[in-house]
Each structure stands twice: as C-alpha cells, then as structure tokens.
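Tertiary structure, described
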Amino acid sequence: MVYNGISPHALIASGAKIGKNVTIGHFCVIDADVEIGDDCEIGNNVTITGRTKLGKHNRIYNGACVGVAPQDLKYAGEDTELVVGDDNIIREFVTLNIGTQGGGGRTSIGNNNLFMAYAHVAHDCVVGNHCIFANVATLGGHVHIGDYVNLGGLSAVHQFVKIGDGCMVGGVSALTQDLPPYCIAHGNHAFIIGLNKHRMRKIFTREEIDSISALYKRLFSHSAPMKDIAQKELDSPNISESHRYVCEFILSNTRGIAIKHKEKDND
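By convention here, each chain's residues receive numbers from 1 onward along its written sequence. Totals for whole chains, interfaces and linings use every residue, but because this is a predicted model, local features are given only for residues with pLDDT of at least 70 and side-chain atom pairs only at 80 or more, for both listing and counting. Derived side-chain values reflect all non-hydrogen atoms in the structure, with water molecules and hydrogen atoms excluded from consideration.

1. Side note on the pattern of salt bridges
Salt bridge, as used here, is a side-chain nitrogen of Lys or Arg placed within 4 Å of a carboxyl oxygen of Asp or Glu. For the structure on display, the rule yields seven salt bridges. Between R51 and D79 there is a salt bridge, with its nearest N and O atoms 2.9 Å apart. Taken as a pair, R51 in strand β8 (residues 51–54) and D79 in the loop between β10 (65–68) and β11 (81–84) lie far apart in primary sequence, 28 residues in all. The class of D79 is exposed, set by a relative accessible area of 60%. Residues participating in the shared-partner salt-bridge network are R51, D79, E81 and R106. Secondary structure is summarised from DSSP: a helix means a run of H or I of at least four residues, a strand means a run of E of at least two, and numbering begins at the N terminus for each. When a residue's accessible area, from a 1.4 Å probe over protein chains only, is under 20% of the maximum for its type it is buried; when over 50% it is exposed; and in between it is partly exposed.

2. Some points on the sheet that holds strand β26 (residues 183–187)
The mixed open sheet is built from ten strands, whose spatial order is β3-β6-β9-β12-β15-β18-β21-β24-β26-β27. The open sheet has two edge strands with one neighbour each: β3 (23–24) and β27 (190–195). When DSSP finds two or more bridges between two strands, those strands count as paired.

3. A look at helix α3 (residues 226–235)
The set of residues buried in α3 consists of M226, I229, A230, E233 and L234. Along the long axis of α3, the arc covered by the buried residues comes to 140°, so they all point the same way. In α3, the exposed residues that point more than 90 degrees away from the buried face are K232 and D235. Buried residues along α3 sit against α2 (206–219) and α4 (241–252). Starting at the helix axis, one direction is taken to each C-beta atom, and the arc is that of these directions. Here, two residues are considered to be in contact whenever any of their heavy atoms come within 4.5 Å of each other.

4. Details of the pairing of β10
By the bridge criterion, two bridges tie strand β7 (residues 47–48) to β10 in an arrangement that is parallel. Among the inter-strand pairings, I48 is bridged to a residue of β10, identified as V66. As paired strands, β10 and strand β13 (residues 95–97) are joined by three bridges and run parallel to one another. Of the residues in β13, the one forming a bridge with V68 is N97.

5. Points about the nonpolar core
Working definition of a nonpolar core: buried Ala, Val, Leu, Ile, Met, Phe, Trp, Tyr and Cys residues. They are joined through side-chain atoms within 4.5 Å. If you look at the biggest cluster of nonpolar residues, it comprises 67 residues, and the most contacted ones within it are I48, F133, L139, L151, I163 and L175. Looking at this core element by element, the count peaks at five residues for α2. Not counting the four nearest positions on each side in its chain, F133 is found in contact with L114, F115, M116, A119, V121, V127, L139, I145 and L151.

6. With respect to the packing of α2 against α3
Where α2 meets α3, the axes come as close as 9 Å, and the angle between the chain directions of the two elements is 135°. For the element pair α2 / α3, the angle class is oblique. Contacts between α2 and α3 involve L215, R218 and L219 on the former and, on the latter, M226, I229, A230 and E233. Considering only residue class, the contact of α2 with α3 consists of five nonpolar, no polar and two charged. Only the stretch in contact is used when a helix axis is fitted, and all axes are lines through C-alpha atoms; the angle between N-to-C directions ranges over 0 to 180 degrees. Every angle not falling under 35 degrees, over 145, or within 65 to 115 is termed oblique; those three ranges are roughly parallel, roughly antiparallel and roughly perpendicular. Each residue gets one label: Ala, Val, Leu, Ile, Met, Phe, Trp, Tyr, Cys and Pro are nonpolar, Asp, Glu, Lys and Arg are charged, and the others, such as Gly, are polar.

7. Regarding unusual backbone geometry
The linkage connecting N188 with the following residue, H189, adopts the cis geometry, with an omega of 5°. Here H189 is to be found in the loop between β26 and β27. Backbone geometry places F27, a non-glycine residue, at a positive phi of 60°. With respect to the secondary-structure elements, F27 resides in the loop between β3 and β4 (29–30). Classification of F27 as exposed rests on a relative accessible area of 53%.

8. Digging into the packing of aromatic side chains
Each Phe, Tyr or Trp ring, with Trp reduced to its six-membered ring, pairs with another whose centre is within 6.5 Å; inter-plane angles below 30 degrees give stacked pairs, above 60 give edge-to-face pairs, and intermediate values give tilted ones. Counted under the stated rule, the structure contains five aromatic pairs. With a centroid separation of 5.2 Å and an interplanar angle of 20°, the aromatic rings of F93 and Y118 are classed as stacked. Residue F93 is found in the loop between β12 (89–90) and β13, and its partner Y118 is found in the loop between β15 (114–115) and β16 (120–121); the two are separated by 25 residues along the sequence. According to the relative accessible area criterion, F93 is partly exposed, its value standing at 41%. Ring geometry for Y216 against F220: centres 5.5 Å apart, planes inclined by 45°, an arrangement best described as tilted. Accessibility expressed as a relative area gives 3% for Y216, which makes it buried. Following the ring pairs from residue to residue traces out a cluster consisting of Y182, F204 and Y245.

9. What to know about the confidence of the model for the chain
What pLDDT conveys is the predictor's confidence in a given residue, as a value from 0 to 100. For the chain, the average pLDDT comes to 95, and 96% of its residues sit at 70 or higher. Below pLDDT 50 for its whole length, residues 263–267 participates in one contact with residues either more than four positions away or in separate chains.

10. Here's the deal with the packing of α3 against α4
Two elements in contact, α3 and α4, have axes whose closest approach is 9 Å; the angle formed by their N-to-C orientations is 145°. The way α3 lies across α4 gives a crossing that is left-handed. For the pair α3 and α4, contact is made by M226, K227, A230, Q231, E233 and L234 and by R244, C247, E248, I250 and L251, respectively. Grouping the constituent residues of the contact of α3 with α4 by class yields six nonpolar, one polar and four charged. Crossings are assigned a handedness: left-handed for a near helix turned anticlockwise from the far helix by less than a right angle, right-handed for a clockwise turn.

Structure below.
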C-alpha cells in the first residue's frame, strides 16, 4: 500500500524536502540533502542521495540512482551537487552523478529530457533541454550537451567533449571530439556524416537550412584551417545568429572536431 503517495516502506531522511503531490514507491532511499519538486513520481527501489535538487513533474523509474558519488578517484567527498530541471523522464537503472570540486561542483540537467534504461551522466556534465539518451548511452565527466540532442543506444561520449544543439550520435558510437551544432556523427571513433536536417526542419526555414549547409561546406572545405574560416565568417557584417553560434562553437573547441580524415577513408 502507498500512503498519501509515499510508501511506508520508503526510507526518507528527516532533512529531505518533498514537494506537493509527490509519489514515492516502495523501498526507496531519499537522503537528507535531497529536494524533490512538486508532482514528481518516484518508482520503487530508487536511491536519491547527495545534494540533489529535482524540479517539478519529473518521473524516475525503478532502480535508478540519482545524485550518487562521482566515479572519479580524485573525488574526496567534497560538497557538490546535482541539479535537475522539470519534466524529465529517468528510466530504469539510470545513474546520475553529482559534480566534483575540480569540475565546478555541479552536474546540471535541464528540462524535458528522456534518459532510457541504464543511461549514465557522469560528474560535472551539463545537459540541455529536450535531449534523448537511448539505452546505455554514457557520458564521461565534464561533457557539455546542448538542446535537442539524441544519443543512440550503447553510445559513449569521451570526457570534456562538447556537443552542440540539434546533434545526433548514432548507436554503438564512441565520440571523442567535439560535435558542432546540427551534425550527425557515427562510428568508433565517431565522425561527422552529415547534418541532422530532420531536427533542423523543426527549427529553421528551408532558406536557413540551405544557408547553414553552405556554411558547413565552407568550414569543411580545407581551403584554410577551420578556425580561420570560422573567424572570417564571424568578422563578416550581418552574420546570422545561427551562423554565429556554429562559428563560436568551433572557435571555442579544444578537443578538435569529429571529422573523417582522408587517410581513414578506407577504414
């Protein structure tokens, strides 16, 4: 039986803050520094620990571990946190880590994301809004992901990688370099295979998509270093916001861009 939405078999520490209309299933463990927003639904056998703050209308399914300590040997129990926004779906056995002192102390997840079973978000990651992590999609530490990003099943993203808005990473891929906005990457190691025009059609007009496609052709033309081309684009008058976003992303990257090199064409 569940009493007032909270099972009598759940272990809830006295310091935990539970919002209105929250459902908590059997055999859950909710620690003292946890905050759960209104209208959240917590399944059975869920552990929510650490300094974790959940927004409203989140659904967490059986066996998930939220706010657990980082899988980082440098972590020494320092006071760090996990902050999750609203309307996220966190399926069975998903693991979400708190941050580390060396990474800014916070793991941050936005709104309206879907984390399918066994997905993992490591310490100090930043995940935007409306993202989909398919089964067993895994982020290393310090990964930054924009909005409307899809990660395929069994995919892995190397620590410190950045993924721009509207990207897609194919299933069973290993992404070790940055992925600029609106790109699709696939393989091990993953490289760009095109633009995610399915997503772009939901954001841009036909003319804007053609313009961004032309921008990427210039950036990938090998006529000059990519960062030089991006800087030249930024220096041009009346640059559009979408072009500015792409070029600033490229100029800020430190891990390189996931491009297939000619010597790998026969791999």
